[in-house]
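# Inside the fold
In case you want the letters, here they are:
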Amino acid sequence: MIAPVTVRPDTSLSTPRALSQLPLFPLETVLFPGGLLPLRIFEVRYLHMVEQCRKTGATFGIVSLVQGAEVRRPGAPVEAFNPVGTLARITHFEAPQPGLMEIDCIGTDRFRVANSQQLANGLWMADVELLDEDVPTPIPDDLKHTSTTLGQLIQSLREQHVAENRFPILAPLQLDDCAWVANRWCEVLPLPLSLKHNLMALESPLVRLELVADVLAKAHSANQRPE
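What counts, and where the lines are drawn
Residues numbered from 1 in each chain as written. Predicted model: local features only at pLDDT ≥ 70, side-chain atom pairs only at ≥ 80, totals over all residues. Heavy atoms only, no water. Phe/Tyr/Trp six-rings, centres within 6.5 Å; stacked < 30°, edge-to-face > 60°. Axes fitted to C-alpha atoms, helices over the stretch in contact; angles between N-to-C directions. Helix = DSSP H or I, 4+ residues; strand = E, 2+ residues; numbered from the N terminus. Parallel < 35°, antiparallel > 145°, perpendicular 65-115°, else oblique. Left-handed = near helix turned anticlockwise from the far one by under 90°. Contact = heavy atoms within 4.5 Å. Nonpolar A, V, L, I, M, F, W, Y, C, P; charged D, E, K, R; others polar. Buried < 20%, exposed > 50% of the residue type's maximum accessible area, 1.4 Å probe, protein only. Polar contact = N/O pair within 3.5 Å; in protein donor to acceptor, adjacent residues only side chain to side chain. Salt bridge = Lys/Arg side-chain N within 4 Å of Asp/Glu carboxyl O.

A full pass over the atoms with the stated rule returns three aromatic pairs. Among the aromatic side chains, those forming a connected cluster through ring pairs are F25, Y46 and F60.

Okay, the packing of helix α2 (residues 144-159) against helix α3 (residues 178-188) next. For the pair α2 and α3, the least separation of the axes is 10 Å and the interaxial angle reads 55°. Compared by their axis directions, α2 and α3 come out oblique. In this structure, α2 crosses over α3, and the sense of that crossing is left-handed. Contacts from T146, S147, T149, L150, L153 and I154 of α2 reach α3 at W180, V181, R184, W185 and V188. Of the residues belonging to the contact of α2 with α3, the class tally is seven nonpolar, three polar and one charged.

We now examine unusual backbone geometry. With an omega of 0°, the peptide bond running from A171 to P172 counts as cis. Mapped onto the elements, P172 comes out in the loop between α2 and α3.

Positionally, T86 belongs in strand β6 (residues 84-97). Given the relative accessible area of 0%, T86 is considered buried. Polar side-chain contacts of T86 include one of 2.6 Å to the backbone oxygen of L31. In this structure T86 touches L31, F32, P33, F60, G61, I62, G107, T108, D109, R110, F111 and M200, once residues within four positions along its chain are discounted.

As for its position among the elements, D127 is in strand β8 (residues 124-130). Judged by relative accessible area, D127 falls into the buried class, the value being 18%. Those residues within four positions of D127 in sequence are excluded, and the remaining contacts are L19, S20, Q21, R112, V113, A114 and N115.

Take the pattern of salt bridges next. Close approach of charged atoms allows side chains of opposite charge to pair. In this structure the tally under the stated criterion is nine salt bridges. Ionic pairing is found between R45 and E43, a salt bridge with its closest N-O pair at 3.3 Å. Taken as a pair, R45 and E43 share a single burial class, namely buried. Salt bridges linked by common partners bring E43, R45 and E79 together as one network.

Shown next, in the form of structure tokens:
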């Protein structure tokens, strides 16, 4: 049985909050705070973990893989993952058949893995330190085009009549906040996994948005080149 996740109080001003025995889910994706992540669960090691989290309301951690695969296979390399991840809270749960769960998760706090171990059933457990939330930061004038373009993209998706429960960007929209706009762009842009992780792990939401703006500018330039 998974031990309950406990919060250890801060012992100093410089020590972040910490969680003990947090179950981890290494994936070939990056979950951002405020982001939506649908998952199909069929491996035994995760079926029990998800059921426990659903019953208790506990979170689990999404970390991005740097080695190995999402599904365990004989002879495959041992899983290795990036040290910074995001807590996932289950918002929707279905079990359409035995041995299969379909869930939606929302990203909450970011964390840094302090130490981890793999249980006999393959589930990773970790002690983690919770990172500070992004400070609300207004978007400066020279970056407002990132917000405007994202707003246009969201409107375009709505005009395609995407079902509300499948809409990739969760309300409420925060198009005036650096972190929210940067995070949503990181989710929709086809960025390398390592870059997505590095952007998510940045402390400064302004720097994150500046780097996203650079990516958008390069993509725009590439699209303007003659065939």
